[in-house]
Each structure stands twice: as C-alpha cells, then as structure tokens.
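Residue strings, one per chain:
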Amino acid sequence: MPTTENRAYRKSLASHGLLYMGFEEHEIWVVNLSVSGLLAVLKVNPQIGDIKDIFQALQLSPIVDLYLPEMRLAGEAEVARAEATEDGFEIAIEFRNLSYDTDNLLYSRRAYRKNMTAPGHIVLNGTDYAFNTENVSVDGLMIRMLGRIEMLSGEEVDFDYPHLDLAGKAKVVWVEHDDISTLMGLQYLKLEREFIKGIPNFSRPALETN
C-alpha cells in the first residue's frame, strides 16, 4: 500500500552553517536534515537589503554553495522553496554536489574549493598553455592540461581565467602527471581585481570567530 508521503526521513537538529547566494555569505540555522536536503532559517544580512533582494538573487539562480561545519559537509545545493515567516526567512534546500571529508575539507585547506570546469591559459617562459579548471577557491586554482607539462613547484606563471574574469600572477604549488594530462595547483600571487565574484570563502578561521 503506497504511503501518503515519499519525502525522505528528516532529523530535527539545531546546527548552523553558511550559505553563499547573491554573491554574499549568509549564516543559516538548520531546522531539520535528511539524506536529500535540509530546511533552514536564514539570518538576513542588513548590508544587502531586505527580503526582496534575496528573492531576486534566487530568481537569477537557485543554485547555492553550502557549508555545514559540524557535519563536515560542503558543496553545491539548490533552493527548492523560500518564504518569509514570522521566525525569519525559511528555505528548503536540495543537495546537488556535496563533499564529506573529515580530515581535509576546510581543515587542512584554508578555503572552500568550488568544483568548476572552464578554460583558461597560463604563460611560462613565453610559452602559452591551455587548461581547464578542476576547482576554484579564493586562494587559487586546480587546473588540468593535456599532455605532460614539465613545471616545477615554486615557478611563477601569468594566467587568465575568463569565466570569472580573473587574471594575474600565480605560483605553482604542486604538479602531478598521469598518462594523458598534467594536474597542477596554483596559488594566486597577484590579481588584477581583489574580489572574486561567485566564489565563497567559507574559511575555517572566520567561522570560529563567529
């Protein structure tokens, strides 16, 4: 006999996290959580205006970045429902692409890494190399290039990444090779712009000071 409700089991809990939407980070309080999503109350930041600004941001894109420090969860999610209530701004979120990593995610790393695939270029000693990003953070890029590219840790390169309108200088932090490509971590040294639009920080130290 079919049940009247197919929604996944939701566990009530009191926990906090961060949500990145409208190019701003917002604090949330989690009301309940399931394997497929969560219900949360959003603390509205007065610096971005009122509830209308949040609705406008969600109309532009319902995809948001989420970080739940107590559960070691971070990644992309989609806002399925949003409404203003007496208790605040309530949102229902469906998980899309989350990572769970107790030892490494945002603990040994300084900032959240957003999975993002888009092309760019680096230049070393006058040679131009095309790449695609694997992920992007406020600290640097993880990139993949076809073929075996010989670069050393510590070398400096010029780069441009049109997808986020980023350009400047970066340092090669590490290099790995497989049979067909080169994977590389780049750390920003000098950017032509200070603010990286579309990439949350979600830094561990910032959360611990709240």
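Residues numbered from 1 in each chain as written. Predicted model: local features only at pLDDT ≥ 70, side-chain atom pairs only at ≥ 80, totals over all residues. Heavy atoms only, no water.

## Considering the pattern of salt bridges
- Applying the stated criterion across every chain yields a total of 10 salt bridges.
- Among the salt bridges present, the one from R96 reaches E78, with a minimum N-O distance of 2.8 Å. Of this pair, R96 sits in strand β6 (residues 88-100) while E78 sits in strand β5 (residues 73-85); the two residues are 18 residues apart in sequence, bridging distant segments of the chain.
- Of the residues examined, R96 reaches a relative accessible area of 46% and is grouped as partly exposed. (Salt bridge = Lys/Arg side-chain N within 4 Å of Asp/Glu carboxyl O. Helix = DSSP H or I, 4+ residues; strand = E, 2+ residues; numbered from the N terminus. Buried < 20%, exposed > 50% of the residue type's maximum accessible area, 1.4 Å probe, protein only.)

## Things to note about the pairing of strand β11 (residues 156-161)
- Residues V157, F159 and Y161 of β11 are buried on one face, while the alternating residues E156, D158 and D160, pointing to the opposite face, are not.
- As defined by bridge partners, strand β8 (residues 119-124) adjoins β11 across 3 bridges and the pair is classed as antiparallel. Looking at the pairing, H121 lines up with D160 of β11.
- Note that β11 and strand β12 (residues 166-177) share 6 bridges and pair antiparallel. Of the residues in β12, the one forming a bridge with V157 is A170.
- Joining the antiparallel neighbours β11 and β12 is a turn of 4 residues, in which D165 adopts a positive phi near 55 degrees. (Pairing = 2+ DSSP bridges.)

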